[in-house]
Every structure is written in C-alpha cells, then in structure tokens.
Amino acid sequence: MNSTTIGQLIFDKIDALARISENPDNLTRLSLSPEHQRANALVGEWMQQAGMQIRTDAVGNIIGRCEGSEPGPALMLGSHLDTVRDGGRYDGMLGVVVPIVCMQVLHSRGETLRYPVEIVGFSDEEGVRFPSTLHGSKAIAGTLDADTLQDTDADGISIAEALVSFGQDPQQLHSAKRQPDEFFGFVELHIEQGPVLEKENLPIGVVSAIAGASRYQISVTGKAGHAGTVPMNLRQDALTGASECIVAIEAICGSLSDVVGTVGQIKAAPGAGNVIPGAVELSLDLRSSEDATRKHAEQQILSTFDAVAERRGLTITTHCRHQASSVTCDEQLCSQLATAIQTSGYRPLTLSSGAGHDAMAIAALTPMAMLFVRCKDGLSHHPDESMTREDAAAAADVLLNFLRQINAGT
Ligand code: GLV
Ligand code: MN
Ligand code: MN
C-alpha cells in the first residue's frame, strides 16, 4: 500500500463515519445514541478486518485488540466517536481511523508486533449530550464516579438509562476499568484544532501538555412578570442579570493571560416576548494550561456572580459539572514520537493543546502522549473542519514508524 492508497483509505472511512448522523444535513452524533451504536458497529467491522478481536465495554467504548507475539502490557491507541452538534468529521474520528488503517497495513503485510495493541473508540469526549464528559476514558481509567450515571440529558434520560438502551448494564460500570499493568502507554492522534502546524508548514507535531478545564452549569433565578406593567426599577430580570455575568466572564478572562472562558449555551424561561424572563440556565467553560490561573479566574467569576445577584435581587447558583487539571504528556513517549516524525522526514515540532482530549483521563491509568495533525485554518467544532489526504497519510506513516520503533526496542 503506498501513501496515496493509505490516505484514500483513511478518508473513505472518515467519510463513512460522517454519514452516521442524527441529522442528514450535518454531522451530529451524540454519546449512547442510535447513531453512536451504528458508528461502533462500523468501527468494529474495520477493526476485525485489521485482524483485531472486538468488544464493547460497559460504558459503550468499542475496543479492538491485536495480541502481540510476546505476552506483556499493551499499547493503547484511540480517540472519540461522538461529535459536537453540527461538528466536523475529523475531531475524534481521525484518532480512531488512522490507528485502524495502520493495523490493517501491518495485517496485510503479515507483520506482527511483539506487544499487544488496543484501539479504543471512546464513547463520550465532547460532553454534549450529558453535562459531564470523558465518560469513556474515565471509565477505563477507573475515575468515573458511579453517581455520574444519574446525570440526565435534555430529555431527562440518565446516562444509566441510555446505557441500557445501548445494550449495556450500568451496574457493570466497574468492569470497564482497566489495570495500569495492562498497558505501557497510550497515544492519541488528533487534528490540531488550532493554527500552529499550518503556520509552521508542518503536517504533524508532538503535544507537550493538555490544558485544564472547568465546566459549570449556572442557574439565575429572578421573577417573571408582565413585560408591559412592571416598571424597570422593580424588575428581577434573570436574563439581564445573566447577560451581565456573561460580559463579566469575557472581561475577567480577557484581563488575564492564558485563560479562555466561553458561555456556549443559554436558556431563558418562560421564553415569551411579552414576559420578563424569570429563570435562565447557562453554561460556562473555562480553560488554561495553568491550573492556578484557571482557579483564579473561576474565583473572580464566582464572586462577580454574587455581586450581580445581590445588586439585582436575583439568586445565582453554580454547579460544577467537570474539573480537569492540566496534564503533561509522558517525556519518553513524546521523544519516541518525535523520532518517528523525524523518520518520516519532518521536523518534530512540540505544541500544547488548548482543547480537552481522552488522553487527559487516560493519564490516570498509563503514560500518555499525543500527535497533532494539521487541519485547515485551525478550524474545528465546525462543519467546515478540513484536512488533506496527504496529511492523513503522513500521520499514518508517523504512527507506523512509532509502532515499529517500539517493536524494535528503540
Ligand atoms: C472537546 O473537544 C473539548 O475540548 O471541549
Ligand atoms: Mn476531540
Ligand atoms: Mn471536540
């Protein structure tokens, strides 16, 4: 198989996965949905064609395993199969498809590795359907709290109920947990979702660290009333209070370096044009590569909420739905990946990740590292997310070099 064929093979699989969506006009595939079930089935077929044994674990991860010629710990590869709403086709999927194609290349050449390889299509990384996130990777690392299974989606369906519809037994959640001695490392390949590689004119790079993140669900409660009869100075308008909070988040994050804050969801009730909004729900997503900076921003934001609530006669409650510390990638794996990049003929640039990844949760189980692949205009979480077949083939080449280097003990 030459690199053009490999690039095409990767793109054919990416395209096939992109057709599995809850909406025919865009790509939306939420965790534990019927579309997720179909994606797992397709990925499972590909894994089998690449000579792997497959299974779905208790949290809905699809796992393929290829035994090595010698017993011992395995290398885990993979990324997520869920998407944001109206998302791109490479975020997550590239990190499942490229490893499968690499295993297929080795299988078709009759090349056996000394060590076992597992590829995981993680069940939830985006945290779109449920308020919590990283369910698949946390369950494998043994850090998913069983209480999280009571989190509900917008239709009131809990993760536990969704797992039952998915054919899994939520009581068996613990069985998804793996032991540290089962693995010697995890490598996640992912599109960069940023502009650095494009600017440096490089197809691929090594990730040094992943930024930490906090996610909050915020409820602002005021008093609904008639839009025509309640004078402005007697209102407890939850939406204007929420607006003030949103602008304060922007100002606080803008005043600090290396922290970003986003309110991406807002819901006002009762939601009529002639009624003062009495209740508002909003999300908050905060990220920084420095945990102390993120905590500092968080404190400033929460105390601003208190001040807004007091001044406007509102009640503002906050519920933390996700906290992840920033994590540093494993030095040895990073240096092995850098060597693999050099073997492929590229300069091994190191860059950091502002986005969250399954690798942050797997870091609690085994040493982890990541490869970033160039994407067009650094655009992601967007239907125009794009990359080239050539870069996909370059990513497969680097991963194959890495697998072979480790096999040779270098
Ligand atoms: C996942 O893509 C995230 O970083 O939110
Ligand atoms: Mn992703
Ligand atoms: Mn994403």
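Before reading further, recall that the structure is shown in the block above.
Residues numbered from 1 in each chain as written. Chains lettered and ligands numbered in written order. Predicted model: local features only at pLDDT ≥ 70, side-chain atom pairs only at ≥ 80, totals over all residues. Heavy atoms only, no water.

## What to know about the site of ligand 1
Convention followed: Throughout, near means a residue has at least one heavy atom within 4 Å of the molecule or strand. Polar contacts, as counted here, are pairs of nitrogen or oxygen atoms within 3.5 Å of one another; within protein the pair requires one atom able to donate a hydrogen and one able to accept it, and residues that are adjacent in sequence qualify only if both atoms are side-chain atoms. Any residue that is not Ala, Val, Leu, Ile, Met, Phe, Trp, Tyr, Cys, Pro, Asp, Glu, Lys or Arg is counted as polar, Gly included; the first ten are nonpolar and the last four charged.
Near ligand 1 you find Glu125, Glu126, Arg215, Arg287, Ala355, Gly356 and His381, and these make up its full shell. One of the side-chain N or O atoms of Arg287 is found 2.6 Å from an oxygen atom in ligand 1. At 3.1 Å from an oxygen atom of ligand 1 is found a side-chain nitrogen or oxygen belonging to His381. Split by residue class, the shell around ligand 1 holds one nonpolar, two polar and four charged.

## Some points on the environment of Ser289
Rule in force here: Every helix listed is a DSSP run of H or I at least four residues long, and every strand listed is a run of E at least two residues long, numbered separately from the N terminus. The buried label applies to any residue whose accessible area, calculated with a 1.4 Å probe on protein chains only, is under 20% of its type's maximum; exposed applies above 50%, and partly exposed to all values in between. Should any heavy atoms of two residues lie within 4.5 Å, those residues are counted as being in contact.
Within the fold, Ser289 resides in the loop between β12 (279–288) and α8 (291–312). By relative accessible area, which is 36% here, Ser289 ends up partly exposed. Each residue touching Ser289, except ones within four places of it in the same chain, is listed here: Ala211, Asp258 and Ser326. A distance of 2.7 Å separates a polar atom in the side chain of Ser289 from a polar atom in the side chain of Asp258.

## Description of the coordination of the manganese ion (ligand 2)
Stated formally: For Na, K and Ca the donor cut-off is 3.2 Å, while for other metals it is 2.8 Å, and in both cases only N, O and S atoms qualify; water is not among them, so sites may look incomplete.
Taken together, the protein ligands of the manganese ion (ligand 2) are His80 (NE2), Asp91 (OD) and His190 (NE2), with distances of 2.0 to 2.2 Å. Considered as a linear motif, the donors of the manganese ion (ligand 2) on their single chain read H-x10-D-x98-H. The metal-metal distance between the manganese ion (ligand 2) and the manganese ion (ligand 3) is 3.4 Å, with Asp91 coordinating both. With His80 in strand β3 (residues 74–80) and His190 in strand β5 (residues 183–191), this residue pair connects regions lying 110 residues apart in the sequence.

## Examining helix α11 (residues 389–407)
The criterion, for reference: An expected span of 1.5 Å times one less than the residue number is assigned to each helix.
When the terminal C-alpha atoms of α11 are compared, their 27 Å separation across 19 residues agrees well with the 27 Å that a helix rising 1.5 Å per residue should span. Of all 19 residues in α11, 14 are buried; the element is thus mostly enclosed. One or two steps after α11, the chain reaches Gly409, where phi turns positive at roughly 75 degrees.

## Considerations on the packing of aromatic side chains
Cut-off, in case you're wondering: Pairing of aromatic side chains here covers Phe, Tyr and the six-membered ring of Trp, requires ring centres within 6.5 Å, and sorts the geometry by plane angle: under 30 degrees stacked, over 60 edge-to-face, intermediate tilted.
Across all of its chains, the model carries three aromatic pairs by this definition. An angle of 80 degrees between the planes, with centres 5.9 Å apart, marks the rings of Phe122 and Phe186 as edge-to-face. One end of the pair, Phe122, is in strand β4 (residues 117–122); the other, Phe186, is in strand β5, and 64 residues separate them in sequence. Taking relative accessible area as the criterion, Phe122 reaches 0% and is therefore assigned buried.

## Brief notes about the coordination of the manganese ion (ligand 3)
The protein atoms that coordinate the manganese ion (ligand 3) are Asp91 (OD), Glu126 (OE), Glu126 (OE) and His381 (NE2), at distances of 2.1 to 2.6 Å. When the donor residues of the manganese ion (ligand 3) are listed from N- to C-terminus, their spacing reads D-x34-E-x254-H.

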